[in-house]
Amino acid sequence: MSSKSQAVLEAETYYDSAPADAFYRAVWGGEDIHVGMYATPDEDIARASRRTVTTMADRLKTIGPDSRVIDLGAGFGGSARYLADRFGCHVTCLNLSETQNAFNRELTAKAGMNDKIDVVYGSFEALDDPDDSYDIVWSQDSFLHSGERLKVMDEIARITRPGGELIFTDPMQADDCPDGVLDHILRRIHLQTFGSVAFYRHALEKRGFEALDLDETPMNLRTHYNRVREVLLDRREELTRLSGADYVDGMIDGLKHWVDGADKGYLNWGILHFAKA
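Predicted model only: the values in this text are computed from it and were never measured.

A. Quick look at the sheet that holds strand E3 (residues 117-121). Judged by pairing direction, the sheet is mixed, and its 7 strands sit side by side in the order E3-E2-E1-E4-E5-E9-E7 without closing on themselves. The sheet is open, and its two borders are formed by E3 and strand E7 (209-216), each paired with just one other strand. Strand-to-strand twist in this sheet, taken as the mean axis angle between neighbours without regard to direction, amounts to 15 degrees. Sheet topology places strand E1 (residues 68-72) next to strand E2 (residues 90-95); 5 bridges connect them, and they run parallel.

B. Here's a closer look at helix H4 (residues 78-87). Within H4, 8 of the 10 residues are buried, which leaves the element mostly enclosed by the surrounding structure. Residues of H4 that are buried include every one of Gly-78, Ser-79, Ala-80, Arg-81, Tyr-82, Leu-83, Ala-84 and Phe-87, and no others.

C. Representation of the pairing of strand E4 (residues 134-140) in the model. Extensive coverage of E4 is indicated by the burial of 7 of its 7 residues. Where E1 lies against E4, 4 bridges are found, and the strand directions are parallel. Within E4, the residue paired with Ile-70 across the bridge is Val-137. Since E4 and strand E5 (residues 160-169) lie parallel, the crossover through helix H6 (residues 149-159) that links them has a hand, and here it is right-handed.

D. Seen up close, the side chain of Asp-135. Tracing the backbone through its elements, the reader meets Asp-135 in strand E4. Within the structure, the side chain of Asp-135 is placed 2.8 Å from the backbone nitrogen of Arg-68, a separation counted as a polar contact. Once you skip the residues sitting within four places of it in the chain, Asp-135 turns out to touch Asp-66, Ser-67, Arg-68, Arg-161, Gly-164 and Glu-165.

Calculation notes
Residues numbered from 1 in each chain as written. Predicted model: local features only at pLDDT ≥ 70, side-chain atom pairs only at ≥ 80, totals over all residues. Heavy atoms only, no water. Pairing = 2+ DSSP bridges. Helix = DSSP H or I, 4+ residues; strand = E, 2+ residues; numbered from the N terminus. Axes fitted to C-alpha atoms, helices over the stretch in contact; angles between N-to-C directions. Buried < 20%, exposed > 50% of the residue type's maximum accessible area, 1.4 Å probe, protein only. Right-handed = clockwise from strand over helix to strand, strands pointing away. Polar contact = N/O pair within 3.5 Å; in protein donor to acceptor, adjacent residues only side chain to side chain. Contact = heavy atoms within 4.5 Å.

Given below as structure tokens:
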């Protein structure tokens, strides 16, 4: 596998760290660690996060027992277990954090799903899979961590079979976001840029994909980061014992920037669904 971009290396170090792992297990409940879709502003994070999974799954048109699925940036594997259980498909969980991979394997074994799910270490910037390997490419809030997003789109186009589907979410900047206004967020997460809906649509159409549905709901991102921040404030003492004061205080401060950026219309999020010709 080729060398990883600096952004991917930073993400790997972060998600492998003990403070981050403890935080995500405690706040998200150990299954889904991505942006939720909220029925109310104060809804439980785990319930809203699972709604994202079910909503995305409902939109897939070709998935079934014979489908091969890859989840790029699979985290704790909650989505993979849901898809395998609901559809009977085989899912490969690709993830760069071996800390998360170990927990994913533990949960998958407990669910009795080792025959349906493989958990592999790797970066989506350079995949080891042969061409046309997968019917469904799935990802949730992971592509932002790449410093080489066009390379990621190249890899997705290569491994997706003709007629296959790509469905993903990603924290993005708005298409009309002014230059420089998100620099404070980018610096904190060690990135140079965000993607956008226009970026992904243009890149994927050039690579033979057709947009099926581009469902932009930036307020879910705003609500999600605000809810996480509220939980941190409400459970500050407990979470400080788990992850340390520096981590918790930094997260509280950083999440406020995300909320402010969404309130100003600079950030975006949604479910982007494509089919390969």
